[in-house]
Amino acid sequence: MAADHAYLMQFVDETSFYNWIVLSHLLPANLWEPLPHFLQTWLRNFLAGTLLYFISGFLWCFYIYYLKINVYLPKDAIPTIKAMRLQMFVAMKAMPWYTLLPTVSEYMIEHGWTKCYSRLGELGWILYFVYLAIYLVFVEFGIYWMHRELHDIKPLYKYLHATHHIYNKQNTLSPFAGLAFHPVDGILQAIPHVIALFVVPIHFTTHIGLLFLEAIWTANIHDCIHGNIWPVMGAGYHTIHHTTYKHNYGHYTIWMDWMFGSLRDPLLEEDDNKDGSKKAK
């Protein structure tokens, strides 16, 4: 028991260290040090998530809409300031709830309820990458079906996912739309990351990093710029999802859509549009 307790304390110490890094630089000590450990962790996740959302969103918007104007997108495809403000408002209403999920996952890890492990040396690099690959496939599968059911089950779409799909044209999508969800919707789509903890051994810091990578990735796939890097589910694919509502449910890759028959390629879409324009003439 003492050995188990000492091992679990490694997770607590690591979480406390991350809390200190974020909170000590953003808040006076008297505002966060008296808080229980769970609330400190939630506050760290909330502040870090908020900073990540705004910093990545503003930098990306500045790059594609100002520095590279008319390079990646025509001027009439750039979303309005009003649309982006609305996306920020929706995202920030949900942010306290989004960041509760990694806080709960860290609580479960700290109490030994998961297969998470603390140190890379415990399994070695080969098993680290093997389990990481299995974890990512599990997450990809889970997010695909969660996202697809949020469309196919009508009450879930109406009361949850429709909040995100009001952005259904190229000139309404922006990096800030990436987290503009109903809070329950956002949690449901991220929950495969937590379920995977009970199925696959995964490194603790890697798990936390992948959850926060979601914020950057979702910003990327809502910028309408098609990177065309196979098999990545880039923004070109996701823009089609927002305009057709029934294709490209995948997250990081196109594999799940390919396997389950919901894939629509943006390059083929462009070719079809060009052929249609020629026929119309």
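Residues numbered from 1 in each chain as written. Predicted model: local features only at pLDDT ≥ 70, side-chain atom pairs only at ≥ 80, totals over all residues. Heavy atoms only, no water.

Visitor: Which parts of the structure should I look at to understand the packing of helix 3 (residues 37-67) against helix 4 (residues 81-98)?
Guide: Two quantities define a packed helix pair, namely the angle between the axes and the distance from one axis to the other. Put simply, helix 3 and helix 4 touch, their axes get as near as 10 Å, and they point 165 degrees apart. Classified by the interaxial angle, the pair formed by helix 3 and helix 4 is roughly antiparallel. Note on packing geometry: the crossing formed by helix 3 with helix 4 is right-handed. In this structure, helix 3 uses Trp-42, Phe-46, Gly-49, Thr-50, Tyr-53, Phe-54, Phe-58, Cys-61 and Tyr-65 to contact helix 4, whose residues at the interface are Met-84, Gln-87, Met-88, Ala-91, Met-92, Met-95 and Pro-96. Of the residues assigned to the contact of helix 3 with helix 4, the class counts are 13 nonpolar, three polar and no charged. (Axes fitted to C-alpha atoms, helices over the stretch in contact; angles between N-to-C directions. Helix = DSSP H or I, 4+ residues; strand = E, 2+ residues; numbered from the N terminus. Parallel < 35°, antiparallel > 145°, perpendicular 65-115°, else oblique. Left-handed = near helix turned anticlockwise from the far one by under 90°. Contact = heavy atoms within 4.5 Å. Nonpolar A, V, L, I, M, F, W, Y, C, P; charged D, E, K, R; others polar.)

Visitor: Looking at this structure, I do not really get the UniProt feature "domain: Fatty acid hydroxylase" (unreviewed entry) in the protein chain. What am I missing?
Guide: Here the UniProt-annotated "domain: Fatty acid hydroxylase" (unreviewed entry) positions come out as residues 133-262. The span residues 133-262 is 55% helix and 0% strand, and its two end C-alpha atoms sit 23 Å from each other. (UniProt positions renumbered as here; feature names shortened; annotations may be inferred.)

Visitor: I keep staring at the side chain of His-164 and nothing clicks. Help me out?
Guide: Among the structural elements, His-164 can be located in the loop between helix 7 (154-159) and helix 8 (183-195). With a relative accessible area of 2%, His-164 lands in the buried category. When neighbours within four sequence positions are excluded, His-164 is seen to be in contact with Ala-177, Ala-180, Phe-181, His-222, His-238 and His-242. (Buried < 20%, exposed > 50% of the residue type's maximum accessible area, 1.4 Å probe, protein only.)

Visitor: Quick question: what am I supposed to make of the packing of aromatic side chains here?
Guide: Each aromatic ring pair is described using two quantities: the centre-to-centre distance and the angle formed by the ring planes. Under the definition given, this model contains 25 aromatic pairs. For the pair Tyr-53 and Phe-176, a centre-to-centre distance of 5.6 Å together with 70 degrees between the ring planes defines the contact as edge-to-face. On the criterion of sequence distance, the pair formed by Tyr-53 in helix 3 and Phe-176 in the loop between helix 7 and helix 8 is long-range, its members being 123 residues apart. The exposure classification of Tyr-53 matches that of Phe-176, with both residues buried. Seen in terms of ring centroids, Phe-54 and Phe-176 are 6.5 Å apart; in terms of plane orientation they differ by 50 degrees. Their pairing is tilted. Within this pair, whereas Phe-54 is found in helix 3, its partner Phe-176 is found in the loop between helix 7 and helix 8, the two being separated by 122 residues in sequence. When its relative accessible area of 22% is taken as the criterion, Phe-54 is described as partly exposed. (Phe/Tyr/Trp six-rings, centres within 6.5 Å; stacked < 30°, edge-to-face > 60°.)

Visitor: I tried to follow the packing of helix 3 against helix 9 (residues 204-220) on my own but got confused; where do I start?
Guide: Where helix 3 meets helix 9, the closest approach of the two axes is 10 Å, and the angle between their N-to-C directions is 25 degrees. When the interaxial angle is binned, helix 3 and helix 9 end up roughly parallel. As helix 3 runs across helix 9, the sense of the crossing is right-handed. Taking contact as the criterion, the partners of Asn-45, Ala-48, Gly-49 and Leu-52 in helix 3 are, on helix 9, Phe-212, Ala-215 and Ile-216. Here the residues of the contact of helix 3 with helix 9 are counted per class, giving five nonpolar, two polar and no charged.

Visitor: Would you explain empty space enclosed by the protein in this entry?
Guide: Over the atoms rolls a probe the size of a water molecule, and in doing so it shows where empty space is left. For the structure shown, the criterion picks out two cavities of 30 Å³ or more. Empty space within the largest cavity amounts to approximately 480 Å³. Along the wall of the largest cavity there are 28 residues; nearest its centre are Leu-179, Gly-186, Ala-190, Glu-214 and Thr-218. Within the residue set of the lining of the largest cavity, elements represented by two or more residues are helix 4, helix 5 (100-110), helix 6 (125-152), helix 8, helix 9 and helix 10 (235-244). Counting residues per element, the lining of the largest cavity draws most heavily on helix 9, at five residues. Its volume calculated, the second largest cavity comes out at about 30 Å³. Contributing to the lining of the second largest cavity are Tyr-53, Ser-56, Gly-57, Pro-175, Gly-178, Leu-179, Ala-215, Thr-218 and Ala-219. Secondary-structure elements contributing two or more residues to the lining of the second largest cavity are helix 3 and helix 9. Residue composition of the lining of the second largest cavity, by class: five nonpolar, four polar and no charged. (1 Å grid on protein atoms, 1.4 Å probe; cavity = no way out; pocket = protein on both sides within 12 Å on 5 of 7 lines; lining within 4 Å. Points joined across faces, edges and corners; volume = space filled by probe spheres on them.)

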